[in-house]
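The primary structure of each chain is shown beneath.
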Amino acid sequence: MTRDSTALAPMANAIRALAMDAVQAANSGHPGMPMGMADVATVLWTQFLKHDPAAPNWSDRDRFILSAGHGSMLIYALLHLTGYESPTMEDIRKFRQIDSVCAGHPENFLIPGVELTTGPLGQGLAMAVGFAMAERHLNAQFGNDLVDHHTWVVAGDGCLMEGINHEAVGLAGTLKLGRLNVLWDDNKITIDGDTSLSTTEDILGRYAASGWHVTSCDGHDFADIARALSEAKADPRPSLVACRTIIGKGAPNKQGGHNVHGAPLGADEIAAAREYLGWTSAPFEVPADILANWRSSAELGKNARAEWEKRAAANPQAAELARRMAGDLPAETGFDAYVQSLIANPPKVATRKSSEMALEAFTANVLEMVGGSADLTGSNNTKTKSTAPFTPDSYDGRYVYYGIREFGMAAAMNGMALHGGIIPYGGTFLVFSDYCRNAVRMSALQHVRAIYVFTHDSIGLGEDGPTHQPVEHVMSLRMIPNLLVFRPADAIETAEAWALALANKDRPSVLALTRQNLPPVRFDSEMKSAKGAYRLVTASAARKVVLLATGSEVEVAMKVAASLEEKGLGADVVSVPCWELFDEQDAAYKADLLPADALKVSIEAGVTLGWQKYIGDGLSIGIDTFGASAPIDVLYDHFGITAEKIVPQILSRVS
Ligand SMILES: Cc1ncc(C[n+]2csc(CCOP(=O)(O)OP(=O)(O)O)c2C)c(N)n1
Ligand SMILES: [Mg+2]
């Protein structure tokens, strides 16, 4: 519905009033951005955004992404004003308090209309690339009748300055994601002051050079904003709209300066702003006529949803789309038959290879899986026969060539998972997980099923040396809450890790996989990895030792156990493919695997810090220094991770 500025200005001022009053009440928060972008947001939400407040999860809604997450009051105000059930005015009054869904930064798990969690600058925009990829992919698979929407992003100077922006913009330009429109809050201010303190970049030039459509507007002129958004929507390329704004617009003495970025305006300035804006209502009160205008602004979206519902009712593919959007796996995943084939023919292969074999089975059945790699496809073994390339000419493809963009890849995976309808997986070397670590953390925080294939998981990669040999990575990933970290020991454990990663729809998984071949250690189909740790070998002689090992070191533990048994010392081998799942088991199960009367020994080719929680004052075999460049056997010997070097240390502790 097109409204003139006489109607729009008070609507935008309602956002400004809520933002300044909520920040003041909380005595913390960021009024500058919502006040500065209120006019742009008002045009977007009343004239462009396709949404229905009564159905926040409608799959064909446009996605609104507040990449500048510190401006959270902008989205809270928009959701409330347009009539979403949440947040209520009570929630807004309690902005940033423990009993309010209006958290300091928007959290996807607290409010349905909040598509994603933002706050780490740059990642919202980078996740938006994933949203736009998901839309095109599902459109190619399900057609215009079911999938036909846009991704709108509000991003600040910080989002465009972060390094990840380069990765995201390059990927979006290459993939020609024309449904992606970024509205840049071009206010020339960041926390420290004027942007000229730290950047002289020609941002529009950079985006244009990356294949984007770029345009600018006066971010306080409603007609000019609408003109620019129309252009952006129509252009077949991804669009950047530089919206020239004044930070804190409406606060007469503070607007335009960096002090309005992240501090309450104070009672005097709020009074002055009320005067300046002609806003006479008490805090947290919106005049009925203004609220009515906001509420009716979603009519277009409501009608669009009604039309969509009719089309969906008549579309035979709608049920399959609904299943994928709900995140439910298909009845047949290919897992059982694949495990039977391994039992019939146990392979001696690297776990990166057995991951590929598992993926062949899963991707043939679970069609919502979309894979990729950050330019290490042949090393990560992530490409399967079922996954054709995802390109601008074939968005129905299921394999993304992300390029050397680990952080951009992980953020895009989060975006695809959050959009829904897709289970993304992507690979790089484990040692480069640091490059995308904050996006992995954001997968976990946002409860999304993104699956990370991190190969070359130890000194076992050999000659490439310490720059490429992860030492602290597996352990440091275990420190991230709500993340499953799998380090499987053979082909069957790898298949189980994949099955568990797919089954856990509310959390991400990491698969840490070897470069080197590993012998099979499992020959049965009981889903033992589901408990995180299990007894692989039971002591023959009276048990004195329990060996805990992961991945490639399970083989070493088995040799150690055999050697101890020869000396009359009983030793269990416990394989620990996933700490997090083990930690969720009951006390009796844990006590049975980790008996108090045995010497407990951990063996893992990585840092030892952390194993003490399972082994107490037992023995921890690992690597607490950087690796070295040499052939694998030399390295395992050099770092003391062989039965020959471990057994004497155990003997000195047990008699
Ligand atoms: C990765 C990251 N680094 C630093 C911060 C802290 N931070 C929050 S907002 C901000 C400045 C952002 O400037 P801009 O995007 O221009 O926002 P504006 O001040 O215009 O609202 C910074 C440095 C952050 N949230 N994320
Ligand atoms: Mg700024």
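Because the structure is predicted, anything quoted here is derived from the model rather than measured.

Cut-off values and rules
- Residues numbered from 1 in each chain as written.
- Chains lettered and ligands numbered in written order.
- Predicted model: local features only at pLDDT ≥ 70, side-chain atom pairs only at ≥ 80, totals over all residues.
- Heavy atoms only, no water.
- Core = buried A, V, L, I, M, F, W, Y, C linked by side-chain atoms within 4.5 Å.
- Buried < 20%, exposed > 50% of the residue type's maximum accessible area, 1.4 Å probe, protein only.
- Domains from an automatic or database assignment.
- Contact = heavy atoms within 4.5 Å.
- Near = heavy atom within 4 Å.
- Polar contact = N/O pair within 3.5 Å; in protein donor to acceptor, adjacent residues only side chain to side chain.
- Areas by Shrake-Rupley, 256 points an atom, 1.4 Å probe, with all protein chains shown as cover.
- Helix = DSSP H or I, 4+ residues; strand = E, 2+ residues; numbered from the N terminus.
- Pairing = 2+ DSSP bridges.
- Axes fitted to C-alpha atoms, helices over the stretch in contact; angles between N-to-C directions.
- UniProt positions renumbered as here; feature names shortened; annotations may be inferred.
- Parallel < 35°, antiparallel > 145°, perpendicular 65-115°, else oblique.
- Left-handed = near helix turned anticlockwise from the far one by under 90°.
- Nonpolar A, V, L, I, M, F, W, Y, C, P; charged D, E, K, R; others polar.

Draft legend 1. Looking closely at the nonpolar core. Core analysis: the biggest nonpolar cluster contains 63 residues, and Met133, Leu160, Leu177, Leu180, Tyr402 and Leu477 have the highest contact counts within it. Each of domain 1 (5-306) and domain 2 (335-512) gives at least three residues to this core. In this structure Leu177 touches Val129, Ala132, Met133, Arg136, Ala172, Arg237, Pro238 and Tyr395, once residues within four positions along its chain are discounted. Ala17, Met37, Met73 and Val114 belong to the second largest nonpolar core, which has 58 residues in total.

Draft legend 2. Spotlight on the site of ligand 1. Close to ligand 1 lie 15 residues; His70, Gly119, Gly158, Asn187 and His261 are nearest. A distance of 2.8 Å is found between an oxygen atom of ligand 1 and a backbone nitrogen or oxygen belonging to Gly158. For ligand 1, an oxygen atom lies 2.5 Å from a polar atom in the side chain of His261. Alone, ligand 1 offers 590 Å² of accessible surface; in the complex the protein occludes 73% of this. Secondary structure elements with two or more residues in the shell around ligand 1: α6 (157-161) and β4 (189-190).

Draft legend 3. Examining the sheet that holds strand β17 (residues 543-549) more closely. The strand order β16-β18-β17-β19-β20 describes an open sheet built from five strands, whose pairing is mixed. Sheet topology places β16 (534-537) and β20 (619-621) at the edges, where each strand pairs with a single neighbour. Here the strands of the sheet are splayed against their neighbours by 30 degrees on average, with no regard to which way each runs. Sheet strands touched by helix α21 (residues 553-566): β16, β17, β18 (570-575) and β19 (599-603). Its angle to β18, the strand with the most contacts, is close to 170 degrees.

Draft legend 4. A look at the sheet that holds strand β10 (residues 399-401). Strand order across the open sheet formed by six strands is β10-β9-β11-β12-β14-β13, with parallel pairing between neighbours. Looking at which strands have only one partner, the edges of the open sheet turn out to be β10 and β13 (484-486). For this sheet, the mean inter-axis angle between neighbouring strands, taken without regard to orientation, is 20 degrees. With three bridges joining them, β13 and strand β14 (residues 509-513) adopt parallel strand pairing. Bridging from a neighbouring strand, Leu484 pairs with Ser509 of β14.

Draft legend 5. Region of the structure containing the UniProt feature "binding site: thiamine diphosphate" (unreviewed entry) in the protein chain. Per the UniProt record, "binding site: thiamine diphosphate" (unreviewed entry) is annotated on His70, Gly119, Pro120, Leu121, Gly158, Asn187, His261 and Phe432. Across 363 residues of sequence, these annotated residues are also dispersed in space, with a maximum C-alpha separation of 34.6 Å. Residues in contact with His70, not counting those within four places in the same chain, are His30, Met33, His105, Leu121 and His261. Among the residues examined, Gly119 registers a relative accessible area of 24% and is labelled partly exposed. In this view, Gly119 contacts Ser67, Gly69 and His105; residues no more than four positions away in its chain are not counted.

Draft legend 6. Summary view of the packing of helix α1 (residues 5-26) against helix α3 (residues 72-82). Packing of α1 against α3 leaves a shortest axis separation of 9 Å and a crossing angle of 125 degrees. Viewed along their axes, α1 and α3 adopt a mutual orientation that is oblique. The chirality of how α1 crosses α3 is right-handed. Here Ala14, Ile15, Leu18, Ala19, Ala22 and Val23 of α1 lie close against α3, whose contacting residues are Met73, Leu74, Ala77, Leu78 and Leu81. Partitioning the contact of α1 with α3 into residue classes produces 11 nonpolar, no polar and no charged.

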